[in-house]
Every structure is written in C-alpha cells, then in structure tokens.
Amino acid sequence: MITNLDAARTARRIRRAVIDFAFAGVAFLMGFGFLIAAGFIYTAERYGGFYAALWFGFGFLAISATILIAHRVIAAMRTRRRKREERSDQLRSMATAAAVAAAPALIRSAGWVGTVVIPLAAIAAYVIYQENRRPTGEYPDELDDDY
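Bear in mind the structure is a predicted one, so any value in this text is a computation, not a measurement.

Asker: Account for the side chain of threonine 43, with residues named and values stated.
Answerer: Within the fold, threonine 43 resides in helix 1 (residues 2-47). A residue is classified by how much of its surface remains accessible, and threonine 43, at 11% relative accessible area, is buried. Excluding residues within four positions of it along the chain, threonine 43 makes contact with Gly48, Ala52, Trp55 and Phe56.

If you want it as structure tokens, here you go:
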C-alpha cells in the first residue's frame, strides 16, 4: 500500500516537472525568437532590409553547418571508441580462452606444486581482474545514441 502511494506521488511529481519544463521551454523559445526579431529590426533599420535578411540568413546557415559538422565529428569519435572497446573485449576473451585451454597442461607439467600454487594464483589473478575491470552499465553514456 505504501509503495503504491510512493509510486503515485512520484508519477505526479514527474508529470508536473514535465509540464513545468515544457512551459518554460516554450517561453524560452518565444523570448529567443523575439530577441532575434529585435536584432533583425535593428539591422534592417541600420543597413536596410535586404542586407539584414542576407546577414541573418548566412548567420543561421553558418550555425547549422557548425552544428552538423560537430555532430559528425562526435559520432565518428564514438564509433572509433566503440570499435576499440570491442577489439579490446575480443582480445581479452581470446586470451582468457587460451589460458583456460593451456591450464591443464601447465598443471600436469608443474608436478604436485602446480596442483596447489597454480589454482591459487588463478584465483588471485581473477580477484585482481574483478577489482580493476571497467564497470559495465553502471553509468551509461547519456549521449551514446547515434540518432
């Protein structure tokens, strides 16, 4: 019963926050639009309507080109990073498989000392690996989507 109340309160709080941010976003966009209009009117009075339209048009084209170029560069960097991580994971998997496959032969060749020391060393190596490996999924990259 208490859990249902908490969930309902949380849902109301989230819904209210979404509505508030939506209204704030609309007001921000309207204010920004009026600032652009004011700048255009000032430029048109000072230099003429044709030149004002020309400068504003080129300005917005330059802004959009800059945004698209930045997006392409960032997407390429993410792709390279993702491929590098995949190669690293594959290499780690192959090394682990090779070590597991070679372990019986190493244990047989090491004699009675190998039957005790090698498994303890493997356990210690695994513990060290678990402590030093990168956490997965704990803090996902928010902008990792290529949309």
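From this point, the narrative continues.
Asker: For the packing of aromatic side chains, give the residues involved together with the corresponding values.
Answerer: Tallied over the full model, the rule gives six aromatic pairs. Ring geometry for phenylalanine 56 against phenylalanine 60: centres 6.4 Å apart, planes inclined by 50°, an arrangement best described as tilted. Taken together, the residues phenylalanine 56 and phenylalanine 60, both in helix 2 (residues 49-132) and four residues apart, mark about one turn of the helix. Residue classification places phenylalanine 60 among the partly exposed positions, given a relative accessible area of 41%. Among the aromatic residues, ring-to-ring pairing joins Phe40, Phe56 and Phe60 into one connected group.

Asker: Give a detailed account of a positive patch on the surface, specifying residues and quantitative values.
Answerer: Taken together, the side chains of Arg80, Lys83, Arg84 and Arg87 define a basic patch exposed on the protein surface. You can see lysine 83 is positioned in helix 2. The exposure class of lysine 83 is partly exposed, given its relative accessible area of 47%.

Asker: Please set out the environment of threonine 10 residue by residue, giving values where relevant.
Answerer: As for its position among the elements, threonine 10 is in helix 1. A distance of 2.8 Å separates a polar atom in the side chain of threonine 10 from the backbone oxygen of aspartate 6.

Asker: So what's going on with the confidence of the model for the chain? Which residues, and what values?
Answerer: On average, residues of the chain carry a pLDDT of 83, and 83% of them reach 70 or more. Contacts of residues 142-147 to residues separated by more than four positions or lying in other chains number ten contacts, the stretch itself having pLDDT below 50.

Asker: Quick rundown of a nonpolar patch on the surface? Include the residues and the values.
Answerer: On the surface, Tyr47, Phe50, Tyr51, Leu54, Trp55, Phe58 and Leu61 cluster together to form a nonpolar patch covering roughly 800 Å² of accessible area. The leading source of residues in the nonpolar patch is helix 2, at six residues. By secondary structure assignment, the location of phenylalanine 50 is in helix 2. According to the relative accessible area criterion, phenylalanine 50 is exposed, its value standing at 60%.

Criteria and thresholds
Residues numbered from 1 in each chain as written. Predicted model: local features only at pLDDT ≥ 70, side-chain atom pairs only at ≥ 80, totals over all residues. Heavy atoms only, no water. Helix = DSSP H or I, 4+ residues; strand = E, 2+ residues; numbered from the N terminus. Buried < 20%, exposed > 50% of the residue type's maximum accessible area, 1.4 Å probe, protein only. Contact = heavy atoms within 4.5 Å. Phe/Tyr/Trp six-rings, centres within 6.5 Å; stacked < 30°, edge-to-face > 60°. Patch = residues over 30% accessible without salt bridge, like charges linked within 9 Å, V, L, I, M, F, W, Y side chains within 5 Å. Areas by Shrake-Rupley, 256 points an atom, 1.4 Å probe, with all protein chains shown as cover. Salt bridge = Lys/Arg side-chain N within 4 Å of Asp/Glu carboxyl O. Lys, Arg positive; Asp, Glu negative; His and termini not counted. Charge placed at Lys NZ, Arg CZ, Asp CG, Glu CD. Polar contact = N/O pair within 3.5 Å; in protein donor to acceptor, adjacent residues only side chain to side chain. pLDDT = per-residue confidence, 0-100.

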